[in-house]
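# Structural overview
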Amino acid sequence: MSASPSVRTRMLSLLRSQWLLLSVIGLYLWAFHKAPERALEALSVSGRTFGSVILIILSVFGLMGLLQVWISREKVAALLGKEGGWKALVIAAASGTILIGPAYIIFPLLQSIKAQGARWAVITAVLAAYAVKIPMIPLEVQFLGWSFSLSRSLLTILSAIPIGLLVEAIMEWRPSPGGKTLR
Amino acid sequence: MSAVGLTYLTLILIAYGVSSCSSKEKTQRSLKIAGLSLWRLLPLLAAVFGLVGLFQVFLPPELIEKTLGESSGVASLLLGGGMGAVAIGPPAAAFPLAGTLLSAGAWPPAIAAFIVSWVSVGVVTLPFEAGVFGMRYALVRNGIAFGAALLIGLLMGLVL
């Protein structure tokens, strides 16, 4: 009862939003208690790893800022809702690789695209291609190497349209006795 | 300080230069978005890089080899894909972890599945996705995306 409700809710929301950082800090405290030398080594490995990619991280965020302002989400949405057929699918896969943002921004955006008449395949292809981030490729290369990053990106982009069509087929398949499909 | 990083940063700075020539206002907005999203992500990045150090020093490579290594085959693929499906966060956080696991002896297909499902499968965001598109779509899409992540991982094994 000592803490006022507002303090308590703020602590709770801090716990919920930063649980990963808090648990990593906890792990370090435990590590420093158990094996200080190795904990220090872990900390220096972390620092060195971060130092080796700091420029790339800064660049990635710089590019994301530019992309978000110059390629407006609304324009992409309008384009995707208007186009049909293969063109829409290709644009969807391409825009998935440059659209950036957390789920709570992307899902409502896709919802508006859907409302403008886009197919399930288009929505799904955007989300599938979303696993490739063109601005982040240098970061992936730094950690995983060229051959890994390029083949993973290529395979992901190539699979985006088939995944879209497959999900669409399942979404529109309804075992009804009379007709074949209904939309 | 890597050559890749310097080159990339130079290119971005040039892009900002070009951008500011055509619109000061848009460039300032870009810079603000960049700074804000980096600032918001900072705690997560700190946590992930902290984890990378802990993994490298405290996780025995034999353990990673045993759970995520090639010898475990399908199990390691499923584990990689499953870890990615449960995790949330931007791919910027997935790459350092994936790199650490890979250099400790994990099987590349399992790590590829981990990255792809990290971004395209969201167990945590599933209720949100269902709220927007309906439960049927959310389940179908995440299921197929998970399968695709495993398949992409396996294909990576053939390519690499």
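None of the values given here were measured: they were computed from a predicted structure. Within any chain, residue numbers begin from 1 and follow the written order of that chain's sequence. All chains are assigned letters beginning at A, and all ligands numbers beginning at 1, according to the order in which they are written. At least 70 in pLDDT is required for a residue's local features to be given in this predicted model, at least 80 for side-chain atom pairs to be given and counted, and no such filter applies to totals for whole chains, interfaces and linings, which use all residues. Note that the side-chain values use all heavy atoms of the structure and ignore hydrogens as well as water.

## Looking at the overall build of chain B
To keep things clear, this is the line we draw: By the criteria applied, helices consist of DSSP H or I runs no shorter than four residues and strands consist of E runs no shorter than two, each listed in order from the N terminus. In this description the radius of gyration comes from C-alpha coordinates, and the expected globular size is given by 2.2 Å times residues to the power 0.38. Each residue is assigned to one of three classes by its accessible area relative to the maximum for its type, calculated with a 1.4 Å probe on protein chains only: buried under 20%, partly exposed between the two thresholds, exposed over 50%. When checking whether two residues touch, look at their non-hydrogen atoms; a contact exists if any pair is within 4.5 Å. Note on areas: Shrake-Rupley with a 1.4 Å probe; residue coverage comes only from the protein chains shown. Positive: Lys, Arg. Negative: Asp, Glu. His and the chain ends are not part of the count. We put the charge of a Lys on NZ, of an Arg on CZ, of an Asp on CG and of a Glu on CD.
Looking only at helices and strands, chain B has eight helices and zero strands in total. For chain B, the sequential pattern of α-helices and β-strands runs α-α-α-α-α-α-α-α. In terms of overall size, chain B is more extended than a compact globule, its C-alpha atoms giving a radius of gyration of 19 Å where 160 residues would be expected to give roughly 15 Å. Evaluated residue by residue, chain B yields a buried proportion of 50% over its 160 residues. Summarising the internal contacts of chain B: among those between residues at least 6 apart in sequence, 70% fall at separations of at least 24. With an accessible surface of roughly 7,200 Å², chain B has 74% of that area assigned to carbon and sulfur atoms. When the 8 positive and 5 negative side-chain charges of chain B are each reduced to one mean point, those points stand 20 Å apart.

## Looking at the side chain of Thr156(A)
For Thr156(A), the location among the structural elements is in helix 9 (residues 146-172). Taking relative accessible area as the criterion, Thr156(A) reaches 1% and is therefore assigned buried. In this structure Thr156(A) touches Ala128(A), Ala131(A), Val132(A), Val116(B) and Ile152(B), once residues within four positions along its chain are discounted.

## What about the pattern of salt bridges?
Note the following rule: What counts as a salt bridge is simple: a side-chain nitrogen of Lys or Arg found within 4 Å of a carboxyl oxygen of Asp or Glu.
Applying the stated criterion across every chain yields a total of four salt bridges over all chains. Arg119(A) is paired through a salt bridge with Glu168(A); the nearest N and O atoms lie 2.8 Å apart. Placement of the pair is Arg119(A) in the loop between helix 6 (103-115) and helix 7 (120-129) and Glu168(A) in helix 9, with a sequence separation of 49 residues. In this structure Arg119(A) comes out as partly exposed when scored by relative accessible area, which is 23%. As a salt-bridge pair, Glu25(B) and Arg29(B) come within 3.0 Å of each other at their nearest N and O atoms. With Glu25(B) and Arg29(B) both in helix 2 (residues 24-58), this residue pair falls four residues apart, about one helical turn.

## Describing helix 1 (residues 3-22) of chain B
Residue and element names in this part refer to chain B. Formally: Residue count minus one, scaled by 1.5 Å, sets the expected span of a helix. The arc in question is traced by the directions running from the helix axis to the C-beta atoms.
Its 20 residues give helix 1 an end-to-end C-alpha distance of 29 Å, which sits within 8% of 28 Å, the value for a rise of 1.5 Å per residue. Of the positions making up helix 1, those classed as buried are Gly5, Tyr8, Ile12, Tyr16 and Ser19. Summarising the axial view, the buried residues of helix 1 lie within an arc of 80 degrees, below the 170-degree limit, and thus occupy one face. Summarising the geometry of helix 1, the exposed residues directed more than 90 degrees from the buried face are Ala3, Leu11, Leu13, Ile14, Val18 and Cys21.

## Topic: the packing of helix 7 (residues 126-133) of chain B against helix 8 (residues 135-159) of chain B
All names here are of chain B. The condition that has to hold: Axis definition: a line fitted to C-alpha atoms, limited for helices to the stretch in contact. Angles are taken between N-to-C directions and run from 0 to 180 degrees. Under this scheme an angle from 65 to 115 degrees is roughly perpendicular, one under 35 degrees roughly parallel, and one over 145 degrees roughly antiparallel; angles in between are oblique. Here a crossing is taken to be left-handed if its near helix is turned anticlockwise relative to the far helix by less than a right angle, and right-handed if that turn runs clockwise.
Their axes nearest at 7 Å, the elements helix 7 and helix 8 cross at an angle of 130 degrees. Classified by the interaxial angle, the pair formed by helix 7 and helix 8 is oblique. The crossing of helix 7 and helix 8 is right-handed. Residues Leu126, Glu129, Ala130 and Phe133 of helix 7 pack against Met135, Tyr137, Ala138, Leu139, Arg141 and Asn142 of helix 8.

## A word on the domain arrangement of chain A
Note the threshold: Where each domain begins and ends follows an automated or database-derived domain assignment.
In terms of domain boundaries, chain A breaks down into domain 1 (5-54) and domain 2 (64-172). When each unit is reduced to the centre of its C-alpha atoms, the spacing between domain 1 of chain A and domain 2 of chain A is 33 Å.

## A word on the packing of helix 8 (residues 137-144) of chain A against helix 5 (residues 91-103) of chain B
Running from N to C, helix 8 of chain A and helix 5 of chain B cross one another at 15 degrees; their axes reach a closest spacing of 8 Å. Judged on the interaxial angle alone, helix 5 of chain B and helix 8 of chain A are roughly parallel. Once helix 8 of chain A is placed against helix 5 of chain B, the crossing between them reads as right-handed. Listed contacts from helix 5 of chain B to Leu139(A), Glu140(A), Phe143(A) and Leu144(A) of helix 8 of chain A are Ala92(B), Phe95(B), Pro96(B), Ala98(B), Gly99(B) and Leu102(B).

## Notes on the domain arrangement of chain B
Residues and elements named next belong to chain B. Our working definition: When two parts are brought into contact, each loses some accessible area as probed by a 1.4 Å sphere; the total of that loss over both is the buried area. We call two N or O atoms a polar contact when they sit within 3.5 Å, provided that within protein one can donate a hydrogen and the other can accept it, with sequence-adjacent residues counted only if both atoms are side-chain atoms. Each residue gets one of three labels, nonpolar for Ala, Val, Leu, Ile, Met, Phe, Trp, Tyr, Cys and Pro, charged for Asp, Glu, Lys and Arg, and polar for the others, Gly among them.
When its domains are assigned, chain B resolves into domain 1 (1-58) and domain 2 (60-160). Its C-alpha centre places domain 1 at a distance of 25 Å from the equivalent point of domain 2. In this assembly, nine residues from domain 1 lie in contact with eight residues from domain 2. Summing the contributions of domain 1 and of domain 2, the shared interface buries around 760 Å²; its carbon and sulfur component is 86%. Along the contact surface separating domain 1 from domain 2 lie zero salt bridges. Where domain 1 meets domain 2, there are zero residue pairs in polar contact (both at pLDDT 80 or more). Of the residues belonging to the side of domain 1 that touches domain 2, the class tally is eight nonpolar, one polar and no charged.

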